[in-house]
Amino acid sequence: MTYQELNARYEALLARKNKVDATRYNGIYERWEHPVLTREHIPPFWIYDPDPRKNPHMMQRLPVNAVFNAGALMLDGLFTLVARVEGADRKSFFAVAQSESGTEGFRFWDEPVILPDTCPEETNVYDMRLTRHEDGWIYGVFCSERADPTSREIGAAVAAAGIVRTRDLKTWERLPDLTTLRSPQQRNVVLHPEFVDGKYAFYTRPMDGFIETGSGGGIGFGLCSDITHAVIDEERMTSIRRYHTITEAKNGAGAVPIRTDRGWIHIAHGVRVTAAGLRYVIYAFATALDDPGKVIAEPGGYLIAPMGGERVGDVSNVVFTNGAVTAPDGRVYIYYASSDTRLHVATTDLDRLTDWVFNTPPDPLRSAGCVRQRDAFIKRNLAWLKENGRR
């Protein structure tokens, strides 16, 4: 295959139309037939040397394994993603892709993001959350991974919350990592978009180890005075982990909270242990406008779970989000990855999302309570159907 043929195939993929998958109707949001980003969306000149003298067999020189977990915002009127791109060498980096529609046609900028290399011990970076803060900056908070210097195990790692800021996603300033005095490790950290009591507010995920949450009880909330040297002394819990629920193993903040008239809506991930391994789903909850660390609504169950081909990939049975966009017309675009391999979008609107979060009943936490809840729901529905001549 020639480079011209490769590029023609790439352009055809970007021009492909996407449409709602009507077979997945649930009234809450729409799933779409095609992912919005995959490794096939990577420009060919990132992977192939187009010069036939140096690459006579037109083989991949720097392959890409996966494109997933993207921070998201609107920038200059375009839906803008800062995606995690993982090379075949397992190292990840960030790259910006933009689209006019938000559901198709995402095109990467010519070059990936080059962050200031200020941490020589840092091995891998991934899963950036983008916050357009009221202080005028766009902040990126991401996982900064490095080898654990206290362990002899070659795979032992330490996770920290790296912080960068920018005005345009082109020039980046690296700030010191977030320090949480009572939690040895952090990842899945999100910066709140507004000041709280005159301070910067973070949603954290206290961890004892790189994978295990240990004593961490759920999604934390903490304040710091100076983001250029961000230190959180105390973290209080917001959405907590509970036995035999979708958050039993761990949970973590996802997209930047969405302000509504009734509260801040959070789109997060929850993890449970199954016989086939960890299962990641996306769920939602709300916190108070005057106290963003106080949960005021938490529907039972998940919002998005892996379905069909989404269940297959490098890390199977996983959906994960770290970015959502609220468009000027009130439409909400939830960008979620499946199985650490590709990126999808689910679309809804503020009215439906608010309705679901505040009017869906909570998890009763026991089978006996769950069946009574459903039976009462069925009885009300049957009575209404009979009363209105629908049955």
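Nothing here was measured: the structure is a model prediction, and the numbers come from that model. (Residues numbered from 1 in each chain as written. Predicted model: local features only at pLDDT ≥ 70, side-chain atom pairs only at ≥ 80, totals over all residues. Heavy atoms only, no water.)

J.: Run through the sheet that holds strand β2 (residues 64-75), naming residues and quoting values.
T.: Across the sheet, which stays open at both edges, the four strands sit in the order β2-β3-β4-β5 with antiparallel pairing between neighbours. Two strands in the sheet have a free side with no partner beyond their single neighbour: β2 and β5 (107-108). (Pairing = 2+ DSSP bridges. Helix = DSSP H or I, 4+ residues; strand = E, 2+ residues; numbered from the N terminus.)

J.: Residue-level account of the layout of surface pockets, with values.
T.: Its volume calculated, the largest pocket comes out at about 1,300 Å³. Lining the largest pocket are 43 residues, and of these Gly 300, Gly 301, Tyr 302, Pro 361 and Asp 363 sit closest to its centre. Where the lining of the largest pocket is concerned, the elements lending two or more residues are β18 (264-274), β19 (277-287), α2 (350-359) and α3 (367-387). The leading source of residues in the lining of the largest pocket is α3, at six residues. Class assignment for the residues of the lining of the largest pocket results in 21 nonpolar, 10 polar and 12 charged. (1 Å grid on protein atoms, 1.4 Å probe; cavity = no way out; pocket = protein on both sides within 12 Å on 5 of 7 lines; lining within 4 Å. Points joined across faces, edges and corners; volume = space filled by probe spheres on them. Nonpolar A, V, L, I, M, F, W, Y, C, P; charged D, E, K, R; others polar.)

J.: Please set out the pattern of salt bridges residue by residue, giving values where relevant.
T.: The final tally for this structure, using the stated rule, is 21 salt bridges. Among the salt bridges present, the one from Arg 174 reaches Glu 122, with a minimum N-O distance of 2.8 Å. Taken as a pair, Arg 174 in strand β9 (residues 172-175) and Glu 122 in the loop between β5 and β6 (124-132) lie far apart in primary sequence, 52 residues in all. Beyond isolated ion pairs, a larger network of salt bridges with shared partners links Glu 121, Glu 122, Arg 146, Arg 174 and Asp 177. (Salt bridge = Lys/Arg side-chain N within 4 Å of Asp/Glu carboxyl O.)

J.: Which residues make up the pairing of β6, and what are the values?
T.: Buried residues dominate β6, accounting for eight of its nine residues. Where β6 lies against strand β7 (residues 138-147), seven bridges are found, and the strand directions are antiparallel. Following the sheet pairing, Asn 124 is matched in β7 by Glu 145. Counting the residues between successive antiparallel strands, the hairpin from β6 to β7 contains five residues, one of them, Gly 136, with a positive phi of roughly 100°. (Buried < 20%, exposed > 50% of the residue type's maximum accessible area, 1.4 Å probe, protein only.)

J.: Can you explain the pairing of strand β8 (residues 157-166)? Please cite residues and give values.
T.: Taking burial as the measure, the 10 residues of β8 include 10 buried ones, the bulk of the element. Along β8, one buried face is formed by Ala 157, Ala 159, Ala 161, Ile 163 and Arg 165 and the opposite face, lined by Val 158, Ala 160, Gly 162, Val 164 and Thr 166, is buried too. Pairing between β8 and β9: four bridges, direction antiparallel. Residue pairing for β9: Thr 166 is matched across the bridge by Trp 172.

J.: So what's going on with the packing of aromatic side chains? Which residues, and what values?
T.: Note on aromatic pairs: each is described by the distance of the centres and the angle between the planes. On inspection of all chains with the given rule, the structure shows nine aromatic pairs. Taken together, the ring pairs connect Trp 46, Phe 93 and Phe 108 into an aromatic cluster. When the ring centre of Trp 137 is taken as origin, the NZ or CZ atom of Arg 165, which lies over that ring, is 4.3 Å away. Across from the ring centre of Trp 109, 5.6 Å away, lies the NZ or CZ of Lys 170, which sits over that ring. (Phe/Tyr/Trp six-rings, centres within 6.5 Å; stacked < 30°, edge-to-face > 60°. Lys NZ or Arg CZ within 6 Å of the ring centre and 35° of its normal.)

J.: Now, about the nonpolar core: what can you tell me, with residues and values included?
T.: With 31 residues, the main nonpolar core has Leu 37, Phe 108 and Tyr 335 as its most contacted residues. Every element with two or more residues in this core is listed here: α1 (3-15), β2, β3 (78-87), β4 (92-99), β22 (331-338) and β23 (342-349). For this core, the element with the most residues is β2, which contributes six residues. Beyond its immediate chain neighbours, meaning those up to four positions away, Leu 37 contacts Val 67, Leu 81, Ala 83, Ala 97, Phe 106, Phe 108, Arg 342 and Leu 343. Grouped together as the second largest cluster of nonpolar side chains are 22 residues, Ile 282, Val 319, Ile 334 and Ala 346 included. (Core = buried A, V, L, I, M, F, W, Y, C linked by side-chain atoms within 4.5 Å. Contact = heavy atoms within 4.5 Å.)

J.: Explain the sheet that holds strand β1 (residues 30-31) residue by residue, including any values.
T.: Within a beta sheet, neighbouring strands are joined by backbone hydrogen bonds and run either parallel or antiparallel to one another. Taken in spatial order, the four strands make up an open sheet running β1-β23-β22-β21, and their pairing is antiparallel. Where the open sheet ends on each side, the last strands, each with one partner, are β1 and β21 (319-326). Across eight bridges, β22 lies against β23 in antiparallel orientation. Bridge pairing in β23 links Ser 338 to Arg 342. Along the sheet face, α2 touches β1, β21, β22 and β23 and points at about 90° away from the line of β23. (Axes fitted to C-alpha atoms, helices over the stretch in contact; angles between N-to-C directions.)

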